[in-house]
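# An overview of the molecular structure
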Amino acid sequence: MNFHIMTLFPEMIENAMAVSITGRAVKAGHISVHAVNIRDYAANKHNRVDDYPYGGGAGMVMQAEPVYRCYLDIMAQCSENGIDKKIKVIYLSPQGKVFSQQMAQQYAEEDNLIFLCGHYEGIDERVLEEIVTDYVSIGDYVLTGGELPALVMMDTISRLVPGVLNNDMSAQTESFSEYLLEYPQYTRPEEWNGKSVPPVLLSGNHKLLAEWYREQSLIRTASRRPDLLEKASLSEEERAFVCSIAEGARNYN
Ligand code: ADE
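Everything quoted here is computed from the prediction, not taken from an experiment. (Residues numbered from 1 in each chain as written. Predicted model: local features only at pLDDT ≥ 70, side-chain atom pairs only at ≥ 80, totals over all residues. Heavy atoms only, no water.)

### Considerations on the sheet that holds strand β6 (residues 112-116)
Adjacent strands of a sheet pair through backbone hydrogen bonds, lying either parallel or antiparallel. The condition is simple: Note on pairing: two strands pair once DSSP finds at least 2 bridges between them. Helix and strand assignments follow DSSP, with helices taken as H or I runs no shorter than four residues and strands as E runs no shorter than two, numbered in order from the N terminus. The angle between two axes is taken between their N-to-C directions and runs from 0 to 180 degrees, where each axis is a line fitted to C-alpha atoms and a helix contributes only its stretch in contact. We call two residues in contact whenever any of their non-hydrogen atoms come within 4.5 Å of each other.
Read across the open sheet, the 5 strands follow the order β2-β1-β6-β5-β7; overall the sheet is parallel. Looking at which strands have only one partner, the edges of the open sheet turn out to be β2 (32-37) and β7 (134-137). Between one strand axis and the next, the sheet turns by 30° as a mean value, whatever way the strands run. Two elements, strand β5 (residues 88-98) and β7, share 5 bridges in a ladder whose sense is parallel. Pairing of L92 across the sheet is with V136, part of β7. Sheet strands touched by helix α1 (residues 10-17): β1 (2-7) and β2. Its angle to β2, the strand with the most contacts, is close to 165°.

### Digging into the site of the ligand
Note the cut-off: The cutoff for a nearby residue is simple: one of its non-hydrogen atoms must lie within 4 Å of the molecule or strand. Pairs of N or O atoms are called polar contacts if they sit within 3.5 Å, as long as, within protein, a hydrogen donor faces a hydrogen acceptor (for residues adjacent in sequence, only side-chain-to-side-chain pairs). In these tables, accessible area is a Shrake-Rupley quantity obtained with a 1.4 Å probe, and a residue counts as shielded only by the protein chains included in the view. Ten residues, namely Ala, Val, Leu, Ile, Met, Phe, Trp, Tyr, Cys and Pro, are considered nonpolar, four, namely Asp, Glu, Lys and Arg, are considered charged, and the remaining ones, Gly among them, are considered polar.
With respect to spatial proximity, the complete set of residues near the ligand consists of L92, S93, P94, V136, S137, I138, G139, Y141, V142, L143, G145 and P149. Residue G139 places a main-chain N or O atom 3.1 Å away from a nitrogen atom belonging to the ligand. At 2.7 Å from a nitrogen atom of the ligand is found a main-chain nitrogen or oxygen belonging to Y141. Bound to the protein, the ligand loses 95% of the 260 Å² it would expose on its own. Counting only elements with at least two residues in the shell around the ligand, the list comes to β5 and β7. At 3 residues, the largest contribution of residues to the shell around the ligand is made by β5. For the shell around the ligand, the per-class residue count stands at 8 nonpolar, 4 polar and no charged.

### Quick notes on the domain arrangement of the chain
As a reminder, the rule being used: In this document the domain limits rely on a domain assignment from an automatic tool or a database.
When the domains of the chain are assigned, the result is domain 1 (2-158) and domain 2 (191-252). Inter-centroid distance (C-alpha atoms) of domain 1 to domain 2 is 39 Å.

### A closer look at the nonpolar core
The condition is simple: Side-chain atoms within 4.5 Å link the members of a nonpolar core, which is a set of buried Ala, Val, Leu, Ile, Met, Phe, Trp, Tyr and Cys residues. Each residue is placed in one exposure class: buried if its accessible area under a 1.4 Å probe, protein chains only, is under 20% of its type's maximum, exposed if it is over 50%, and partly exposed if it falls in between.
Counting residues in hydrophobic clusters, the biggest one holds 27 residues, and the most contacted among them are F3, Y107, F115, M153, M154 and I157. Sorting the residues of this core by element identifies β1, α1, β5, α4 (101-107), β6 and α6 (147-158) as the ones contributing at least two each. Tallying contributions element by element places α6 first for this core, with 5 residues. One finds V49, M62, I123 and I131 within the second-largest nonpolar core, a separate group that totals 24 residues.

### Section: a nonpolar patch on the surface
Note the following rule: Each patch is built from residues lacking any salt bridge and having more than 30% relative accessible area; the joining distance is 9 Å for like charges and 5 Å for nonpolar side chains (Val, Leu, Ile, Met, Phe, Trp, Tyr). Only one rule defines a salt bridge in this text: a Lys or Arg side-chain nitrogen within 4 Å of an Asp or Glu carboxyl oxygen.
A surface patch of nonpolar side chains, about 430 Å² in accessible area, is lined by F9, M12, Y141, L143 and L148. Relative to the helices and strands, L143 is located in the loop between β7 and α6.

### Things to note about the side chain of H4
With respect to the element layout, H4 can be found in strand β1. At 3.0 Å, the side chain of H4 and the side chain of N112 are in polar contact. Those residues in contact with H4 that sit more than four places away from it in its chain are H34, I74, C78, N112, L113, I114 and F115.

What follows is the structure, encoded as structure tokens:
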């Protein structure tokens, strides 16, 4: 997976992606991070990339031309490297489709992704019309720029790229992949602060363990994120079980 990021703050992207699991994935060659400074494509001697909005109003707008030239340069480099497939261009914006694990899974199938990070009051609409294929938001709140949302997306997508996580299973069995939250985890010591690890975890009985994991996932989801249960695939018995938890929660409130 090759990530190309058009940004005014390349060091923000590079620094964040260079640590922890993504940093290791870069070193191992599972992913690459190519942050390109839009300012390098400014056509004036002051390196300005923003201007006043037509029609007036607060704030500045990023100009079309530097963004377009930056994009063309990335595309030229990709085709020099023999990439001829169409590359998705994701514009991070609160007006986009809200990012989800399912979207991350689809993006993880791509070999290349381009992220466009805006700043100020946004980017001239004409270049967005010209190059953007996907508008994506990370949630219903407004950030100062697209870098953090791009990092959120790249982090989520990276861990789905084969080889990035040590354990191939952990990307599949965790929260959201089946619209169920993950069961609670414990590690040594066996007793901490007067609290013991649930005895079933020490039993070594795989059937009991699997049942306990499933039951805990259902309890967690029903009590913390009941909205997810609509989409989860549950047996009739499980459906009755989560309904009784939700009922209990309603009576308690
Ligand atoms: N830019 C500013 N806020 C954003 C958000 N919530 N998601 C994506 N991009 C953004």
